[in-house]
Amino acid sequence: MIRKKQGSWTRKPGAKSAKDGKNIKDSRGKSQGKKPSDKAEDRLRIYALGGLEEVGRNMTILEYGSDIVIIDMGHQFPEEDMHGIDYIIPNITCLKGKEKNIRGVILTHGHLDHIGAAPILLPKLGNPLIIGAPMTVALLKKQIENHHDKFTPKVLEIKSLKETVKLGVFKVNFFNVTHSIKDALGLIIETPTVNIIHPGDWRYDLDPVEGPKTDLSHLAQWNTKNIPSVLMMESLGSTQEGHQGSEMEVYKNMEKIIKDARGRIIFGTFSSMLERVGQIIKIAEENGKKVAVDGFSMKSNIEIGQKFGFIKAGKNTFIDVSKVSDYPNNKVVIVCTGSQGEGRAVLSRIASGEHRYIKIEKDDTVVFSSSVIPGNERTIQYLKDSLYRQGANVIHKEIMDVHAGGHGKIEDIKLILREIKPKYLIPVYANHYLLREAAKVAESIGFPKENIFVADNGQIMEFTATNAKLTDYRVPTDYVFVDGLGVGDVSHIVLRDRQLMAGDGMIVVIVTIDKKKGQLVQNPDLISRGFIYMKENKKLIEETRARAKKIFKADLKEGIDENYYKDKIRNEIGQFLYQKTERRPMVLPVIIQV
């Protein structure tokens, strides 16, 4: 294994020494490539600390010489078996000792998978300069304000696309991006070897509600003979046929829903989709309806949207959610969070009957105006079923176009490649299979396969004046779990224990020993949680108690090695219970000496 000072570069296990500079192979015969040059000043290195193997945790590092620029700093929502975990953030171990080299952190837009880790990571990295559009910066400040460790970020707001920012050797230019949130910025980062074009999350809108249609052809100028361009292309829609839906079509459908509804209309959407929320408010006003907003993040973001002029509403349009019953049902529109089925979010509480002011009634219309985050499918389906059972008229994308996603589909990918004409392509911000599918789409229109780099998290890409390659060297990208106030203090072992308890439960074996007599004071006590109901399994409990008692049959006057006996309880009781039940509960031994 080869490491650079500060633990930055690590070659895959099994590879031999690379001192001779020749290509080497790992135990499977796969080429490991050459060790990255120590002459960091002559090449650009790109690697991601998240976002190349999952949806979320987006954070990309650009390193040239002693200059480092970071693109995005997002978090990832936990998977179903990550019990108790709030979210996952990037591992910044590789940046330890390099904090002074960080020239800036550029945020492409304000979604949490792009800014959510910033309140935790920025202080750990020396509070570097944050660069973003005004609303993105405002959303970040709100995140920091709501975080338990507050600090004042150093920010540079990009108020004009004509602005350029110099960050060491890097020169950053900006362009407008169409996405599902306002103030999304695309980046053009000039380096001595290549020009990086990074749109962040992107889509085409060829039939917008307002403003010009999306056109990225002006970016082709950044691919020149002397300085080629690299397109870092978000690829979440790479398996979906056609073009992304039109916002105008969504707008017309929402107009029809709001105009024709016989009862209340409840819109569930992301709190960051301020353009959509603004459209709902506008249509409601035009139809003489009141708007009630519920959900902490929704209220906060609407305030930010009003501040920046993205949401405009009359003085009497908004009503408090506690007053919805004071108005005729057909004159009320409710905008709330919870379209992903989050347990305590507003829409889930409405569906479960736990909301204080809103109960589902027969003529209510519930609209899911958002895409499904991968992994949430089952939870959202359960939420829909619950609403259907209560008689609500539920409208979602399978029934009507009430949401145009924020991500380009297959035909959009072909279009962006034809318009930008990059020399190199790096698919990013999606699961690995989606990156591979994006590469296939590019190849289908003649993009050279050798110029496409599908990397893993942490895998280093190098660009020199004459060469570009995907190396087999990588930096650590292990999960860092956030659990309440704890950051990184929940290890994989703790998570495994939680999974075990969730799967087969636990049993506590309590043993009390008289030190003077060297024997048990009484029979061992047992406590079961999530394993068996003790009153209905008396025989098994007595057999388990007897087996635990047998472990302590020896004379214990000479003292007791607690670790030895705890391991013995775990092993023997665990094996006994598996033989009896074919289940493996967590066995927790407790030894009390009196």
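Computed from a predicted model, the values in this text were never measured in an experiment. (Residues numbered from 1 in each chain as written. Predicted model: local features only at pLDDT ≥ 70, side-chain atom pairs only at ≥ 80, totals over all residues. Heavy atoms only, no water.)

Student: What should I look at first to understand the side chain of histidine 407 in this one?
Tutor: Structurally, histidine 407 can be placed in the loop between strand E19 (393-395) and helix H9 (410-420). One polar contact links histidine 407 to glutamate 234, side chain to side chain, over a distance of 3.0 Å. (Helix = DSSP H or I, 4+ residues; strand = E, 2+ residues; numbered from the N terminus. Polar contact = N/O pair within 3.5 Å; in protein donor to acceptor, adjacent residues only side chain to side chain.)

Student: How do you make sense of the sheet that holds E19 when you look at a structure like this?
Tutor: Working definition: the strands of a sheet are paired by backbone hydrogen bonds and lie parallel or antiparallel to each other. Pairing is parallel in the open sheet, where 6 strands are placed in the order E16-E15-E17-E14-E18-E19. Each of the sheet's edge strands pairs with one partner strand only, and the pair in question is strand E16 (318-319) and E19. With 2 bridges connecting them, strand E15 (residues 290-294) and E16 associate as parallel partners. By the bridge assignment for E16, alanine 292 is matched with isoleucine 319. The sheet contacts of helix H6 (residues 296-307) involve E15, E16 and strand E17 (332-336), and relative to E15 the element is tilted by about 120 degrees. Contacting strand E18 (365-368) and E19, helix H8 (residues 377-389) runs over the sheet at an angle of about 165 degrees to E18. (Pairing = 2+ DSSP bridges. Contact = heavy atoms within 4.5 Å. Axes fitted to C-alpha atoms, helices over the stretch in contact; angles between N-to-C directions.)

Student: Looking at this structure, how should I read the environment of leucine 125?
Tutor: Structurally, the position occupied by leucine 125 is in the loop between helix H2 (118-124) and strand E7 (130-132). Residue leucine 125 is classed as buried on the basis of its relative accessible area of 2%. C-alpha separation for the pair leucine 125 and lysine 96, spaced 29 residues apart in sequence, amounts to 7.9 Å. Setting aside anything within four residues of it in sequence, one finds leucine 125 in contact with Met59, Ile70, Met73, Ile92, Leu95, Glu99 and Ile102. (Buried < 20%, exposed > 50% of the residue type's maximum accessible area, 1.4 Å probe, protein only.)

Student: Would you explain the confidence of the model for the protein in this entry?
Tutor: Detail in the predicted coordinates should be disregarded across regions flagged by low pLDDT. Overall, the predicted model of the protein reaches an average pLDDT of 83, with 84% of residues at or above 70. Note that pLDDT drops below 50 for residues 1-9; the model gives that stretch 26 contacts with residues more than four away or on any other chain. When the criterion is pLDDT under 50, residues 11-34 qualifies, and its contacts beyond four places in sequence or with other chains add up to 49 contacts. (pLDDT = per-residue confidence, 0-100.)

Student: Sorry if this is basic, but what is going on with the pairing of strand E21 (residues 459-463) here?
Tutor: With respect to burial, E21 is a largely interior element, 5 of its 5 residues being buried. Alternating positions in E21 separate into two faces, Gln459, Met461 and Phe463 on one and Ile460 and Glu462 on the other, with burial throughout. Here E21 runs beside strand E22 (residues 468-474); their pairing, made up of 4 bridges, is antiparallel. The residue bridging glutamate 462 from the neighbouring strand is lysine 469, located in E22. Between E21 and E22, which follow one another and run antiparallel, lie 4 residues.

Student: How should the environment of phenylalanine 463 be read in this particular structure?
Tutor: As for its placement among the helices and strands, phenylalanine 463 is situated in strand E21. Accessibility expressed as a relative area gives 0% for phenylalanine 463, which makes it buried. Taking the C-alpha atoms as reference points, phenylalanine 463 and leucine 44, separated by 419 residues in sequence, lie 5.1 Å from one another. If sequence neighbours within four positions are ignored, phenylalanine 463 has contacts with Arg43, Leu44, Ile46, Thr193, Val194, Val230, Tyr424, Ile426, Phe453 and Ala468.

Student: Is there a simple way to think about the sheet that holds strand E9 (residues 165-167) in this case?
Tutor: Strand order in this open sheet of 6 strands is E9-E10-E11-E12-E13-E20, and the pairing throughout is mixed. At either end of the open sheet lies a strand with only one pairing partner, and these are E9 and strand E20 (424-428). Pairs of neighbouring strands in the sheet enclose a mean axial angle of 25 degrees, with direction left out of account. Relative to strand E13 (residues 229-234), strand E12 (residues 195-198) is paired through 3 bridges, and the arrangement is parallel. Across the sheet, residue isoleucine 196 finds its bridge partner in E13, namely valine 230. Lying on the sheet, H9 is in contact with E12, E13 and E20; it crosses E13 at an angle near 160 degrees.

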